[in-house]
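Read off the chains here:
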There are 2 protein chains.
Amino acid sequence: MKTVSEAKSHGGVQGVYAHVSSACHCDMTFAVFVPPQAAHRPCPVVWYLSGLTCTHANVMEKGEYRRKAAELGLVVVCPDTSPRGESIPDEKDNWQFGSGAGFYVDATQPPFSTHYRMYSYIIKELPELVGKTFPVDLKRQGIFGHSMGGHGALTIALKNPGRFRSCSAFAPIVAPSSAGWSKPAFEKYLGDDQAAWRAYDACALVEDGHRFHDFLVDQGTADGFLEEGLRPWLFREACEKAGIALTLNMREGYDHSYFFISTFMEEHLAWHAERLNAGH
Amino acid sequence: MKTVSEAKSHGGVQGVYAHVSSACHCDMTFAVFVPPQAAHRPCPVVWYLSGLTCTHANVMEKGEYRRKAAELGLVVVCPDTSPRGESIPDEKDNWQFGSGAGFYVDATQPPFSTHYRMYSYIIKELPELVGKTFPVDLKRQGIFGHSMGGHGALTIALKNPGRFRSCSAFAPIVAPSSAGWSKPAFEKYLGDDQAAWRAYDACALVEDGHRFHDFLVDQGTADGFLEEGLRPWLFREACEKAGIALTLNMREGYDHSYFFISTFMEEHLAWHAERLNAGH
């Protein structure tokens, strides 16, 4: 692992790091904020998964998480959203597939299956690297994200309820199997058999018996992707049927941007902190 | 004036606007955050002047000012740092001159004197436009900025002490006439006669009798430009001699970036709010 940059911020350190990923077979970059409390003890860690077109940098620059994370003593890790590089199969003019659009799945279809293994990267490789490199308490992990990253957070928590104590999302894609902007990517990454898609679809996972203790979701009512791609009411229905606690806040007048995310960032961090510090 | 974008954020509205500037003879873009309180009454306004290479967008995205501005009821205006356009004289490969480097002066030397009139733009044209377009109380104005924009804020406040009730700066260039990274720009904008430069040099303005009631300056000790370009001790000496109150905070380990600015942004907004609400 090499250090790309480090800067003091809000009493902690905001760093950017790069490493050779064995899961994705390419160089990967990620951001880590280490709060001041980490000088004295391992801190709980929250994973922030970003949306389509983003790298690790978007939320690091625009997410406004450091003030509250420093107050609460949370490490915040912000991974990239896909493998990247000249040798990686991609569709240059398609922002909904390939670079910046890994959808947090392990692709099974060639030529994508060699590199597009973001599920394994997020759930296995990166936690191992972070765990041995930064002062984190891996017994206390939370996960959240935005849009495609909200989808990533919900599905990863549902598939690994013993790993994460908390999960939240900003404007998540809750049913990617049937959303116009994610269905073509699922076909290319996972093949034609839609049964295989259910392992990466939050609504389908709940229908299929996966459980998590409670979710927080914020969604802007002025979000241009609400009807076509996001449809949080589908997740509300699935959670209601399954008896899963879901706090769904419909935020009047907010759109899909970081101006929305940053507004509710501190509430989400407080949600995670409450659950991550339980027992301590 | 035309609206480029508007998004709800922290209960207020973050907008970006463009207009044809008569001062700079080109299209100019600026950002305005209007807090929720402005729905009920005109709000005090703080002007944030950005540093070299920046546009209105950098601090809008990375400055983390909206949460506190919304709490305090402050309008925040973020202008661009120079005229821009294909017809504007520029030195493409020089980040310390031309586009992104207007230095908040009115250039007197051709070919720059037609467009590089950022002093008039900031002190006259933009306030008139903002005053008639947004719910601001122009009797309550503050000004602050970063680096080149800190220089802008200090000099503009010193030259217009009746206009501004508050002034602060992050890592300002306090003596641009003698700093390696600003002296060449002053020569090109203002000519060889260094007497003319004193009107745009905070230390020289204080020496020449200009006064302001009090300043707040934050400066990181790990700032790579500290010795060569910033040298806040020169301003401290000038203020001490003149009996001007200066709060100069040397911040251990902080650099010149927005990770530094955003850390102390809320303290600066509180400084302005205290002075802008006096009497109300």
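Owing to the predicted nature of the structure, the values given are computational and were not obtained by experimental measurement. Note that residues are indexed from 1 along each chain, following the sequence as it is written. The naming scheme follows written order: chains are lettered A onward, ligands numbered 1 onward. Only residues with pLDDT of 70 or above have their local features reported here, since the model is predicted, and side-chain atom pairs are shown and tallied only from 80 upward, although totals for entire chains, interfaces and linings are computed over all residues. To obtain the side-chain values, all non-hydrogen atoms of the structure were included, while hydrogens and water were left out.

Asks: Help me understand the overall build of chain A, please; the structure alone is not making it clear to me.
Replies: The secondary structure listing takes helices from DSSP runs of H or I that are at least 4 residues long and strands from runs of E that are at least 2 residues long, numbered from the N terminus. For chain A, the helix and strand inventory stands at nine helices and nine strands. With C-alpha atoms as the basis for the radius of gyration, the globule rule is written as 2.2 Å multiplied by the number of residues raised to the power 0.38. Rg of the C-alpha trace for chain A: 17 Å, near the compact-globule value of 19 Å for 280 residues, within the 12% margin. Each principal axis of the C-alpha distribution contributes one length, and for chain A these read about 50 × 45 × 35 Å. With 280 residues in all, chain A has 62% of them scored as buried. For chain A, the proportion of contacts with a sequence separation of at least 24, taken over those separated by at least 6, is 73%. Exposure was quantified through the Shrake-Rupley algorithm and a 1.4 Å probe, taking into account, for residues, occlusion by the shown protein chains and nothing else. A total accessible area of about 10100 Å² is found for chain A, and carbon and sulfur atoms account for 50% of it. Burial classification: accessible surface area is computed with a 1.4 Å probe over protein chains only, and a residue below 20% of its type maximum counts as buried, one above 50% as exposed, and the rest as partly exposed. In what follows, residue pairs with any heavy atoms lying within 4.5 Å of each other are defined as contacts.

Asks: Help me understand the pairing of strand 6 (residues 136-146) of chain B, please; the structure alone is not making it clear to me.
Replies: On any regular strand, side chains alternate: one points to one face of the sheet, the next to the other face. All names here are of chain B. Where burial is concerned, most of strand 6 is hidden: nine out of the 11 residues are buried. The pairing criterion for strands is at least two bridges between them, as found by DSSP. Relative to strand 6, strand 4 (residues 43-49) runs parallel, the two sharing six bridges. Residue pairing for strand 6: W47 is matched across the bridge by I143. Where strand 6 lies against strand 7 (residues 166-170), five bridges are found, and the strand directions are parallel. Bridging from a neighbouring strand, G145 pairs with A169 of strand 7. The path from the first strand over the helix to the second decides the hand: if it runs clockwise while the strands point away from the viewer, the crossover is right-handed. What joins strand 6 to strand 7 is helix 4 (residues 148-159), and the crossover it makes is right-handed.

Asks: Help me understand the packing of aromatic side chains, please; the structure alone is not making it clear to me.
Replies: How two aromatic rings sit relative to each other is given by the distance of their centres and the angle of their planes. In this analysis, rings of Phe, Tyr and Trp, with Trp reduced to its six-membered ring, are considered paired at centre separations within 6.5 Å, and the interplanar angle assigns stacked below 30 degrees, edge-to-face beyond 60, and tilted for intermediate values. With the rule as written, the count across this model stands at 45 aromatic pairs over all chains. On the basis of an interplanar angle of 45° and a centroid distance of 6.5 Å, the ring pair of Y48(A) and F170(A) is categorised as tilted. With Y48(A) in strand 4 (residues 43-49) and F170(A) in strand 7 (residues 166-170), this residue pair connects regions lying 122 residues apart in the sequence. As far as burial versus exposure is concerned, Y48(A) and F170(A) are alike and both buried. With centroids separated by 6.0 Å and ring planes inclined at 90°, the aromatic side chains of F112(B) and Y189(B) adopt a geometry described as edge-to-face. Remark: Y189(B) occurs in helix 5 (residues 183-190) and F112(B) occurs in the loop between strand 5 (75-79) and helix 3 (118-133); sequence separation between them is 77 residues. Three or more aromatic residues link up through ring pairs in this structure, and these residues are Y48(A), F144(A), F170(A), Y254(A), F260(A) and F264(A).

Asks: Where do I start with the relation of the copies chain A and chain B in this structure?
Replies: The operation linking the two copies of the chain is a rotation about an axis combined with a translation along the axis. We place the copies in one frame by least squares, fitting the C-alpha atoms of every residue whose pLDDT is at least 70 in both. Relative to chain B, chain A is turned by 180° and slid 0.0 Å along the rotation axis, the superposed coordinates differing by an RMSD of 0.0 Å. On the angle and the small slide along the axis, the relation comes out as a two-fold axis. The position closest to the rotation axis in chain A is occupied by the C-alpha of K62(A), lying 2.7 Å away. A share of 100% of interface residues in chain A that are also interface residues in chain B marks the association as one of identical surfaces.

Asks: I keep staring at unusual backbone geometry and nothing clicks. Help me out?
Replies: If a residue is not glycine, its phi is most likely negative; likewise, a peptide bond is most likely trans. Here the bond from P110(A) into P111(A) is cis, since omega is 5°, no more than 30 degrees from zero. With phi around 80°, T53(A) is a residue other than glycine that occupies positive phi space. Positive phi outside glycine occurs at S147(B), with the angle close to 60°. The topology assignment puts S147(B) in the loop between strand 6 and helix 4.

Asks: Would you take a moment to explain the interface of chain A and chain B for this structure?
Replies: When the parts of a complex come together, some accessible area is lost, and that lost area is often used as the size of the interface. In this complex, chain A contributes 22 residues to the contact, which on the side of chain B involves 22 residues. Here the quantity called buried area is the total loss of accessible area, with a 1.4 Å probe, experienced by two parts when brought into contact, counted for both. Summed over both sides, the interface of chain A with chain B buries roughly 1900 Å², with 50% coming from carbon and sulfur. The largest contributions to the chain A side of the interface with chain B come from K8(A), E64(A) and F259(A), which together make up 35% of the buried area. The rule for a salt bridge is simple: a side-chain nitrogen of Lys or Arg has to be within 4 Å of a carboxyl oxygen of Asp or Glu. At the surface where chain A touches chain B, the tally comes to three salt bridges. For the salt bridge of E61(A) with K62(B), the shortest nitrogen-to-oxygen distance reads 4.0 Å.

Asks: Is there a simple way to think about the sheet that holds strand 8 (residues 214-220) of chain B in this case?
Replies: Either a parallel or an antiparallel arrangement is found when strands of a sheet pair, and the pairing is made through backbone hydrogen bonds. Sheet architecture is open: nine strands sit in the order 1-2-3-5-4-6-7-8-9 (chain B), paired in mixed fashion. Both outer strands of the open sheet, strand 1 (2-9) and strand 9 (245-251) of chain B, are each paired with one neighbouring strand and no more. When strand polarity is set aside, the average angle formed by the axes of neighbouring strands in this sheet is 20°. One ladder, built from seven bridges, connects strand 1 of chain B with strand 2 (residues 12-21) of chain B; its direction is antiparallel. The residue bridging S5(B) from the neighbouring strand is V16(B), located in strand 2 of chain B. Axes, fitted as lines to C-alpha atoms, cover a helix only where it is in contact. Angles between the N-to-C directions of the axes lie from 0 to 180 degrees. Across the face of the sheet, helix 9 (residues 258-276) of chain A comes into contact with strand 1 and strand 2 of chain B while running at roughly 25° to strand 1 of chain B.

Asks: Looking at this structure, I do not really get helix 9 (residues 258-276) of chain B. What am I missing?
Replies: Side chains three or four residues apart in an α-helix point the same way, a direct result of the helix having 3.6 residues per turn. Residue and element names in this part refer to chain B. Bend, in this description, refers to the angle at a residue between axes fitted to the seven residues ending there and the seven starting there. At M265, helix 9 shows its strongest bend, of approximately 45°. In terms of residue burial, helix 9 counts as a mostly covered element, since 16 of its 19 residues are buried. Of the residues that open helix 9, the one with a side-chain oxygen 3.1 Å from the backbone nitrogen of F259 is S257. Distance and chemistry together define a polar contact, namely a pair of N or O atoms within 3.5 Å, with one atom able to donate a hydrogen and the other to accept it when in protein, and with adjacent residues in sequence counting only for side-chain atoms on both sides.

Asks: For this particular structure, what's the right way to read the sheet that holds strand 8 (residues 214-220) of chain A?
Replies: Residue and element names in this part refer to chain A. Read across the sheet, nine strands follow the order 1-2-3-5-4-6-7-8-9 without closing on themselves; strand pairing throughout is mixed. Looking along the sheet, the strands with just one partner apiece sit at the ends: strand 1 (2-9) and strand 9 (245-251). When the angles between neighbouring strand axes are averaged without regard to direction, this sheet yields 20°. As defined by bridge partners, strand 3 (residues 26-34) adjoins strand 5 (residues 75-79) across four bridges and the pair is classed as antiparallel. Note that in strand 5 the partner of V32 across the bridge is V77. Along the sheet, helix 3 (residues 118-133) contacts strand 2 (12-21), strand 3, strand 4, strand 5 and strand 6 (136-146); its crossing angle with strand 2, the most-contacted strand, is approximately 120°. Helix 4 (residues 148-159) contacts strand 4, strand 6, strand 7 and strand 8 of the sheet and is inclined by roughly 135° relative to strand 6.

Asks: Is there a simple way to think about the pattern of salt bridges in this case?
Replies: Pairing of side chains with opposite charge becomes possible as their charged atoms draw close. Residue and element names in this part refer to chain A. Scanning the model with the defined rule gives 31 salt bridges over all chains in all. Among the ionic pairs, R198 bridges to D208, the shortest N-O distance being 2.9 Å. Note that R198 is positioned in the loop between helix 5 (183-190) and helix 6 (202-207) and D208 in the loop between helix 6 and strand 8, a separation of 10 residues in sequence. By relative accessible area, which is 44% here, D208 ends up partly exposed. The partner of D218 in a salt bridge is R251, with the nearest N and O atoms 2.5 Å apart. On the criterion of sequence distance, the pair formed by D218 in strand 8 and R251 in strand 9 is long-range, its members being 33 residues apart. Each member of the salt-bridge network shares a partner with another, and the members are D137, K139 and R140.

Asks: What should I look at first to understand the state of the cysteines in this one?
Replies: What makes a disulfide is a covalent bond joining the sulfur atoms belonging to two cysteines. All names here are of chain A. By convention in this document, the label disulfide applies to cysteine sulfur atom pairs within 2.5 Å. If you walk through the whole model with that rule in mind, you get zero disulfides over all chains. No disulfide involves C43; its nearest neighbouring cysteine sulfur is the one of C78, lying 16 Å away. Note on C239: no disulfide assigned, nearest cysteine sulfur contributed by C203 at a separation of 7.6 Å.

What is shown is where atoms sit, not what they do.
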